[in-house]
Amino acid sequence: MKPSYRKRLARMGQLQTYCGMHRSTIYRKRKFKGFPDPIEATLTSGVYDLDEVDAWFGEQRQEESGADL
């Protein structure tokens, strides 16, 4: 039997709290910094995969620490 895995998903308001960023900052990072795009939940709303968000933050930390060398 395969273990069940549930994606951790967040709407924009939850994502703002999770990341500690304002909505406009998230949009800017999506446009210019490769922040993950939302998954379309309905025709008018999307949700963000928090595993993708965590991976993006990890990449940003690696780039910053590499720039210090």
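Just so you know, these numbers come straight off a predicted model, no measurement behind them.

> An account of the packing of helix H1 (residues 12-19) against helix H2 (residues 23-32) is needed here, citing residue identities and associated values.
At a minimum axis distance of 10 Å, the contact between H1 and H2 shows a crossing angle of 90°. Classified by the angle their axes make, H1 and H2 are roughly perpendicular. Of the residues in H2, those touching H1 at Met-12, Leu-15 and Gln-16 are Arg-23, Ile-26 and Tyr-27.

> Quick rundown of the environment of Cys-19? Include the residues and the values.
Mapped onto the secondary structure, Cys-19 falls in helix H1. Taking relative accessible area as the criterion, Cys-19 reaches 15% and is therefore assigned buried. Distance from Cys-19 to Phe-57, taken between C-alpha atoms, is 9.3 Å for residues 38 residues apart in sequence. In contact with Cys-19, not counting residues within four places along its chain, are Phe-35, Val-53 and Phe-57.

> Give a description of the packing of aromatic side chains that names residues and reports values.
Tallying each qualifying case throughout the model produces three aromatic pairs. Centre to centre, the rings of Trp-56 and Phe-57 are 5.2 Å apart; their planes meet at 75°, and the pair counts as edge-to-face. The class for Trp-56 is buried, based on a relative accessible area of 6%. Exposure remark for Phe-57: the relative accessible area of 22% places this residue in the partly exposed category. By the ring-pair criterion, three or more aromatic residues cluster together here, those being Phe-35, Tyr-48, Trp-56 and Phe-57.

Thresholds applied
- Residues numbered from 1 in each chain as written.
- Predicted model: local features only at pLDDT ≥ 70, side-chain atom pairs only at ≥ 80, totals over all residues.
- Heavy atoms only, no water.
- Axes fitted to C-alpha atoms, helices over the stretch in contact; angles between N-to-C directions.
- Helix = DSSP H or I, 4+ residues; strand = E, 2+ residues; numbered from the N terminus.
- Parallel < 35°, antiparallel > 145°, perpendicular 65-115°, else oblique.
- Contact = heavy atoms within 4.5 Å.
- Buried < 20%, exposed > 50% of the residue type's maximum accessible area, 1.4 Å probe, protein only.
- Phe/Tyr/Trp six-rings, centres within 6.5 Å; stacked < 30°, edge-to-face > 60°.

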